[in-house]
Amino acid sequence: MVRIDFRPFGLNPPHTHPRATEILVVLEGTLFVGFVTSSSGNRLITKTLNQGDVFVFPEGLIHFQKNTGRTRAVALAGMSSQNSGVIMIPSTIFGSNPAIPDDILSQAFQADKRVVNILRAPYRPRIGEVTDSEEQL
């Protein structure tokens, strides 16, 4: 289990747990949550949750949570596995090391390479930061 504290309008970005189903209980505040189905046309399933509400994110599906309120929100999440794994979609795609080539992302997202670079910018290593490929053993 994990406690998640959301600042006002805070977001837990799209991510997936490849080895676990997640159950979320809202303790305080209001959350807008959702997941994308994998077998029925990538359908987005969403719900606005208030204190005491519960929501289940099926194993392996991309999902998110966003605090829609001006005050903090608090939730508890439990996983069906001790080794649930987590893949954060934005940072995995735009922050890979080495980077996925621009032409691949441009074609995959049907976006101009300038847009890809804008999306990638927050995930680039900072000057002086050691990247995985530069780490010494």
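Residues numbered from 1 in each chain as written. Predicted model: local features only at pLDDT ≥ 70, side-chain atom pairs only at ≥ 80, totals over all residues. Heavy atoms only, no water.

Within an unreviewed UniProt entry, the label attached to the protein chain reads Germin-like protein, and the organism entered is Aquilegia coerulea. In its Sequence similarities (unreviewed entry) section, UniProt records this for the protein chain: "Belongs to the germin family." As recorded by UniProt, the Subcellular location (unreviewed entry) comment attached to the protein chain reads in full: "Secreted, Extracellular space, Apoplast". (UniProt positions renumbered as here; feature names shortened; annotations may be inferred.)

*Asks:* Looking at this model, I keep getting lost on the overall build of the protein chain. Mind explaining?
*Replies:* Along its length, the protein chain carries three helices and nine strands. Seen in sequence order, the protein chain has helices and strands lined up from the N terminus as β-β-β-β-β-β-β-β-β-α-α-α. A principal-axis box enclosing the C-alpha atoms of the protein chain has dimensions of 45 × 40 × 35 Å. Put simply, the protein chain has 137 residues, and 28% of those count as buried. Summarising the internal contacts of the protein chain: among those between residues at least 6 apart in sequence, 72% fall at separations of at least 24. (Helix = DSSP H or I, 4+ residues; strand = E, 2+ residues; numbered from the N terminus. Buried < 20%, exposed > 50% of the residue type's maximum accessible area, 1.4 Å probe, protein only. Contact = heavy atoms within 4.5 Å.)

*Asks:* Before we go on, may I ask you to explain the packing of helix α2 (residues 102-109) against helix α3 (residues 113-120) in this structure?
*Replies:* If you want to describe how two helices pack, look at the angle between their axes and the distance between the axes. Taken N-terminus to C-terminus, the directions of α2 and α3 make an angle of 105 degrees; their axes are 9 Å apart at the nearest point. Taken as axis vectors, α2 and α3 run roughly perpendicular relative to one another. Residues Asp 102, Asp 103, Leu 105 and Ser 106 of α2 touch α3, and the partners they reach there are Lys 113, Val 116, Asn 117 and Arg 120. When the residues that make up the contact of α2 with α3 are grouped by side-chain class, the tally is two nonpolar, two polar and four charged. (Axes fitted to C-alpha atoms, helices over the stretch in contact; angles between N-to-C directions. Parallel < 35°, antiparallel > 145°, perpendicular 65-115°, else oblique. Nonpolar A, V, L, I, M, F, W, Y, C, P; charged D, E, K, R; others polar.)

*Asks:* Explain the UniProt feature "domain: Cupin type-1" (unreviewed entry) in the protein chain to me, please; I cannot follow it from the model alone.
*Replies:* When the UniProt feature table is mapped onto this chain, "domain: Cupin type-1" (unreviewed entry) is found at residues 1-117. In the segment residues 1-117, helix accounts for 16% and strand for 41%; the C-alpha atoms at its two ends are 36 Å apart.

*Asks:* Looking at this structure, how should I read the side chain of Asn 12?
*Replies:* Within the secondary structure layout, Asn 12 lies in strand β2 (residues 11-16). Looking at Asn 12, the relative accessible area reads 18%, which means it is buried. Reaching out from Asn 12, the side chain makes a polar contact with the side chain of Gln 65 at a distance of 2.7 Å. Dropping the residues within four chain positions of it, Asn 12 is found in contact with Ile 4, Phe 6, Phe 64, Gln 65 and Met 88. (Polar contact = N/O pair within 3.5 Å; in protein donor to acceptor, adjacent residues only side chain to side chain.)

*Asks:* Looking at this structure, I do not really get the side chain of Arg 120. What am I missing?
*Replies:* Among the structural elements, Arg 120 can be located in helix α3. Judged by its relative accessible area of 6%, Arg 120 falls in the buried class. Residues in contact with Arg 120, not counting those within four places in the same chain, are Phe 94, Ala 99, Ile 100, Pro 101, Asp 102 and Leu 105.

*Asks:* Quick question: what am I supposed to make of the pattern of salt bridges here?
*Replies:* Pairing is possible between side chains that carry opposite charge, provided their charged atoms lie close to one another. The full count for this structure, using the stated rule, is five salt bridges. For Asp 102, the salt bridge goes to Arg 120, with nearest N and O atoms at 2.9 Å. Here Asp 102 is found in helix α2, whereas its partner Arg 120 is found in helix α3, with 18 residues between them in sequence. According to the relative accessible area criterion, Asp 102 is partly exposed, its value standing at 24%. (Salt bridge = Lys/Arg side-chain N within 4 Å of Asp/Glu carboxyl O.)

*Asks:* Explanation requested: the pairing of β2 in the structure shown.
*Replies:* Within a regular strand, the side chains alternate between the two sheet faces. Across three bridges, the pairing between β2 and strand β7 (residues 63-67) is antiparallel. Of the residues in β7, the one forming a bridge with Leu 11 is Lys 66. Here β2 pairs with strand β9 (residues 87-88) via two bridges, running antiparallel. From the neighbouring strand, Thr 16 faces β9, where its bridge partner is Ile 87. (Pairing = 2+ DSSP bridges.)

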